[in-house]
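Results of the structural survey
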Amino acid sequence: MIFATEMQRDVLEYFGGINIWLVLFDNYFPEKSLNSVMPNNEQGTYLAVQYLYNQGHRRIFDCGV
């Protein structure tokens, strides 16, 4: 598994020559035949804030400034 958030196509070409199983995380290249996992960051943030709120936290985004 490769954390590929900022991976560019030229770097991807390097991995094309290696004969191993490969999964990209947080990026995909539709023209390539690669497995990818794309997280839903918006839903994850919502669920995390909802959990904190339900636990009684109210100053969730207070940076202390």
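Everything below is about the structure printed above this text.
Structure report, in brief. Quick caveat, the model's predicted, so the values are computed rather than measured.

In this section: the pattern of salt bridges. Applying the stated criterion across every chain, the model contains 1 salt bridge. Between glutamate 31 and arginine 9 there is a salt bridge, and its shortest N-O distance comes to 2.8 Å. Linking glutamate 31 in the loop between strand 2 (23-25) and strand 3 (35-37) with arginine 9 in helix 1 (residues 9-16), this pair joins segments that are 22 residues apart in sequence. Residue arginine 9 is classed as partly exposed on the basis of its relative accessible area, which comes to 45%.

Further remarks concern unusual backbone geometry. The phi dihedral of aspartate 26 falls on the positive side, at around 70°, and the residue is not glycine. Within the element layout of this structure, aspartate 26 appears in the loop between strand 2 and strand 3.

Definitions and cut-offs
- Residues numbered from 1 in each chain as written.
- Predicted model: local features only at pLDDT ≥ 70, side-chain atom pairs only at ≥ 80, totals over all residues.
- Heavy atoms only, no water.
- Salt bridge = Lys/Arg side-chain N within 4 Å of Asp/Glu carboxyl O.
- Helix = DSSP H or I, 4+ residues; strand = E, 2+ residues; numbered from the N terminus.
- Buried < 20%, exposed > 50% of the residue type's maximum accessible area, 1.4 Å probe, protein only.

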